[in-house]
Amino acid sequence: MEASCLELALEGERLCKAGDFKAGVAFFEAAVQVGTEDLKTLSAIYSQLGNAYFYLKEYARALEYHKHDLLLARTIGDRMGEAKASGNLGNTLKVLGRFDEAIVCCQRHLDIAQEQGDKIGEARALYNIGNVYHAKGKQLSWSAAQDPGHVPPDVRETLRRASEFYERNLSLVKELGDRAAQGRAYGNLGNTHYLLGSFVEAITFHKERLAIAKEFGDKAAERRAYSNLGNAHIFLGRFDVAAEYYKKTLQLSRQLKDQAVEAQACYSLGNTYTLLQDYERAAEYHLRHLLIAQELADRVGEGRACWSLGNAYVSMGSPAQALTFAKKHLEISQEIGDRNGELTARMNVAQLQLALGRLTSPAAAEKPDLAGYEAQGARPKRPQRLSAEAWDLLRLPLERGQNGDSHHCGDRLPLPVRSRKYQEGLDAADRRPREGSHSPLDSADVRVQVPRVSIPRAPSSDEECFFDLLSKFQSSRMDDQRCPLEDGQPGAAEATAAPSLEERIAQPSLTASPQTEEFFDLIASSQSRRLDDQRASVGSLPGLRITHNNLGHLRGDGDPQEPGDEFFNMLIKCQSCRIDDQRCPPPDGLPRGPTMPDEDFFSLIQRVQAKRMDEQRVDLAGSPEQEVGGPPEPRQQCQPGTS
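All values reported here derive from a predicted model rather than from experimental measurement.

### Here we look at helix α16 (residues 319-336)
Helical periodicity: at 3.6 residues per turn, an α-helix aligns residues three or four positions apart in one direction.
Then, in step 1: Between its terminal C-alpha atoms α16 stretches 25 Å, which fits the 26 Å expected from 18 residues at 1.5 Å a residue.
Then, in step 2: Tucked into the core, α16 has its buried residues touching α14 (279-295), α15 (299-315) and α17 (339-356).

And the structure:
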């Protein structure tokens, strides 16, 4: 049995090293089913099994086995095993988005490595902590929908902490002479400074990363460095330099035969040539992106490609082709639930149809819902202003909410109902139409029938006595519904008069009675048993066979050890993030697909083209609006609270 368990574990390790993680997991699970009494062997199996599940992206199972590994390492007093298990737990929690718990575990890894004088483990722990802070800052910046460099203070502080740990890691791996680790540190430092808006520093670090990648012949790392360099040059306004880096990214992605990365490079090149106002080449690269997205069934990338192609064809003066892609963009946005994309697509379709003259009149067109449209960077050409009469109509629902619900009388429109006191105090002069208003009707010719509305009145003294009497009886009923602690109390079955309020106040507190003390003792003993049930037991670990040989290494149930302050500090940090987990998550942003790059600078294109988009819209010559009202008024900025 013992040889069988070890052989199964060794075969699982061999398969995982060969890249066949599913088969490796099967052998490791079989080894756990057989079981072993060797605690270090079982700890190694837990660690390998957790790593295998991590690579299979089954993070819940990976977390389970890494917890088993940590518990077993602490039980047998294996400090190095505890450090490695803590690091594995931190990496898994980071992927799950539980960043605060991940930082606690990675910090534990760092503390033990420094305690044991393990420089390699210390460098890994510093790198892992930097990764957690970087992932947290990146996620927060995405949720805030901010461009690099324009991040909230808490996000900036998180990214600053990531940069600090990366620099400590870089300094240590330089001492160790680990060039591969130096390349990883340079790349992550470049990404962190990019998010902070320090694009010159980011370019410096990415060039170092590129040199080390070429030194090792790492084509994938070289491709990432070129892409990151292109992103940084975009925000410095060096679009031509960025295009050259993206072309190298595209070339390497084809060498690596990675279609998703190839599509990302085409998308970035299309956006770059849009910024360079070379719309024909932009359309060419967006078409390549569209074809790959369709081949990979990436609806998100396909929708964004159609959006970009529509803008490119409008810029080239081909509204018919632009309308085709705008309709496709609308269809995909509705399918994937992209609200912002749907709003923009509706506006583009309506404007292109009007420009092509496919509608008989502008009023016949379906008016798109423009709520939230300006968030996409495109602004309506001529915002309509509301007249004084329209504002009076818009105030009606507000007055209804303040003065009570309105009542419908037949098919009449609901009117706000005033209180009788307000109607009697209203001056007759105020009821006449104001000067300067252009009402086609005389107020004397209009009669409004307002149904009667009951007006609340102050309660009388008889009603107050009634409610006092009712509250007294209700209070006695609540006392009757309480469960007595002891059965057979004298007079329990007899109906007694409820004591008055003064008598109840004069009675001693119930907490001082012996029955209440026994009740709380019962609760305390029950809760203590529940706490014991929640504690982890070494005997419950899967695959562990407890014998006389390993019994001395395990903590017995009668030998409890009091945890120290370090444990409680770790517990407080982990519990604090549970409160955040209970909060409602923010609404999801734009969905991401495999052919869409992480660093999407589409918002930059929208800002740059904000004026061009207005200039490219077609002015309807001789429209009734311009003939009657003259030229449109200049756009006014809306005040807060208005729409």
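Don't stop here, the text continues.
### Description of the nonpolar core
Then, in step 1: Judged by nonpolar contacts, the single largest core of 30 residues is most densely connected at Tyr194, Ile234, Leu250, Leu269, Tyr273 and Tyr285.
Then, in step 2: Top element by residues in this core is helix α12 (residues 239-255). It accounts for 7 residues.
Then, in step 3: Excluding its chain neighbours within four sequence positions, the residues that come into contact with leucine 250 are Glu262, Ala265, Cys266, Leu269, Tyr285 and Arg288.
Then, in step 4: By size, the runner-up hydrophobic cluster in this structure holds 29 residues, among which are Leu89, Ala123, Val132 and Val173.

### Concerning the pattern of salt bridges
Then, in step 1: Enumeration over the complete set of coordinates arrives at 21 salt bridges.
Then, in step 2: In this structure, glutamate 82 and arginine 108 form a salt bridge, with 3.0 Å as the shortest nitrogen-oxygen distance. With glutamate 82 in helix α5 (residues 79-95) and arginine 108 in helix α6 (residues 99-116), this pair connects stretches of sequence that are 26 residues apart. Here the two residues glutamate 82 and arginine 108 agree in accessibility, since each one is buried.

### As for the UniProt feature "repeat: TPR" (unreviewed entry) in the chain
Then, in step 1: As recorded in UniProt, the feature "repeat: TPR" (unreviewed entry) lies at residues 223-256.
Then, in step 2: Along residues 223-256, the helical share is 88% and the strand share 0%, with 9 Å between the first and last C-alpha atoms.

### Concerning the environment of glutamine 351
Then, in step 1: Along the chain, glutamine 351 turns up in helix α17.
Then, in step 2: Separated by 32 residues in sequence, glutamine 351 and proline 319 have C-alpha atoms that sit 9.8 Å apart.

### Overview of the environment of alanine 312
Then, in step 1: With respect to the helices, strands and loops of the structure, alanine 312 is situated in helix α15.
Then, in step 2: The spacing of alanine 312 and glutamate 284 is 28 residues in sequence and 9.8 Å in space, taken between C-alpha atoms.
Then, in step 3: Contacts of alanine 312, omitting those with residues within four sequence positions, involve Tyr279 and Ala283.

### Focus on the packing of α6 against helix α7 (residues 119-143)
Then, in step 1: Running from amino to carboxyl end, α6 crosses α7 at an angle of 165 degrees, the nearest separation of the two axes being 8 Å. Looking at the two axes, α6 sits roughly antiparallel to α7. Relative to α7, the crossing made by α6 is left-handed. Only Gly121, Glu122, Arg124, Ala125, Leu126, Asn128, Ile129, Val132, Tyr133, Ala135, Lys136 and Gln139 of α7 make contact with α6, whose side of the interface consists of Phe99, Asp100, Ala102, Ile103, Cys106, Gln107, His109, Leu110, Ala113 and Gln114.
Then, in step 2: For the contact of α6 with α7, the per-class residue count stands at 12 nonpolar, 6 polar and 4 charged.

### Structural notes on the packing of aromatic side chains
Then, in step 1: Following the criterion strictly, the structure yields 14 aromatic pairs and no others.
Then, in step 2: Measuring from centroid to centroid gives 6.0 Å for tyrosine 53 and tyrosine 65, while their planes differ by 10 degrees, and the two rings are stacked. Of the two residues, tyrosine 53 is situated in helix α3 (residues 39-55) and tyrosine 65 in helix α4 (residues 59-76); the sequence distance between them amounts to 12 residues.
Then, in step 3: Summarising the aromatic geometry, the rings of tyrosine 133 and phenylalanine 165 are spaced 5.9 Å apart at their centres and angled 10 degrees between planes, so their arrangement reads as stacked. Residue tyrosine 133 is found in helix α7, and its partner phenylalanine 165 is found in helix α8 (residues 153-176); the two are separated by 32 residues along the sequence. Here the two residues tyrosine 133 and phenylalanine 165 agree in accessibility, since each one is buried.
Then, in step 4: Here the aromatic cluster, defined as three or more aromatic residues joined through ring pairs, consists of Phe21, Phe54, Tyr55 and Tyr59.

### Topic: unusual backbone geometry
Then, in step 1: At lysine 257, a residue that is not glycine, the phi angle is positive and equals roughly 55 degrees.
Then, in step 2: Mapped onto the elements, lysine 257 comes out in the loop between α12 and α13 (259-275).
Then, in step 3: Residue lysine 257 is classed as exposed on the basis of its relative accessible area, which comes to 75%.
Then, in step 4: One non-glycine residue, glutamine 277, lies in positive phi territory at about 65 degrees.
Then, in step 5: Note on placement: glutamine 277 falls in the loop between α13 and α14.

### Focus on α13
Then, in step 1: A rise of 1.5 Å per residue sets the reference length of α13, with its 17 residues, at 24 Å; its end C-alpha atoms lie 25 Å apart and thus fit the reference within 8%.
Then, in step 2: Counting buried residues along α13, 16 of its 17 residues qualify, which places the element largely inside the surrounding structure.
Then, in step 3: Put simply, aspartate 258 is the residue that caps the front of α13, since its side-chain oxygen is 3.3 Å from the backbone nitrogen of alanine 260.
Then, in step 4: Just beyond α13, the residue with positive phi is glutamine 277, at close to 65 degrees.

Conventions and cut-offs
- Residues numbered from 1 in each chain as written.
- Predicted model: local features only at pLDDT ≥ 70, side-chain atom pairs only at ≥ 80, totals over all residues.
- Heavy atoms only, no water.
- Helix = DSSP H or I, 4+ residues; strand = E, 2+ residues; numbered from the N terminus.
- Expected span 1.5 Å × (residues − 1).
- Contact = heavy atoms within 4.5 Å.
- Core = buried A, V, L, I, M, F, W, Y, C linked by side-chain atoms within 4.5 Å.
- Buried < 20%, exposed > 50% of the residue type's maximum accessible area, 1.4 Å probe, protein only.
- Salt bridge = Lys/Arg side-chain N within 4 Å of Asp/Glu carboxyl O.
- UniProt positions renumbered as here; feature names shortened; annotations may be inferred.
- Axes fitted to C-alpha atoms, helices over the stretch in contact; angles between N-to-C directions.
- Parallel < 35°, antiparallel > 145°, perpendicular 65-115°, else oblique.
- Left-handed = near helix turned anticlockwise from the far one by under 90°.
- Nonpolar A, V, L, I, M, F, W, Y, C, P; charged D, E, K, R; others polar.
- Phe/Tyr/Trp six-rings, centres within 6.5 Å; stacked < 30°, edge-to-face > 60°.
- Polar contact = N/O pair within 3.5 Å; in protein donor to acceptor, adjacent residues only side chain to side chain.

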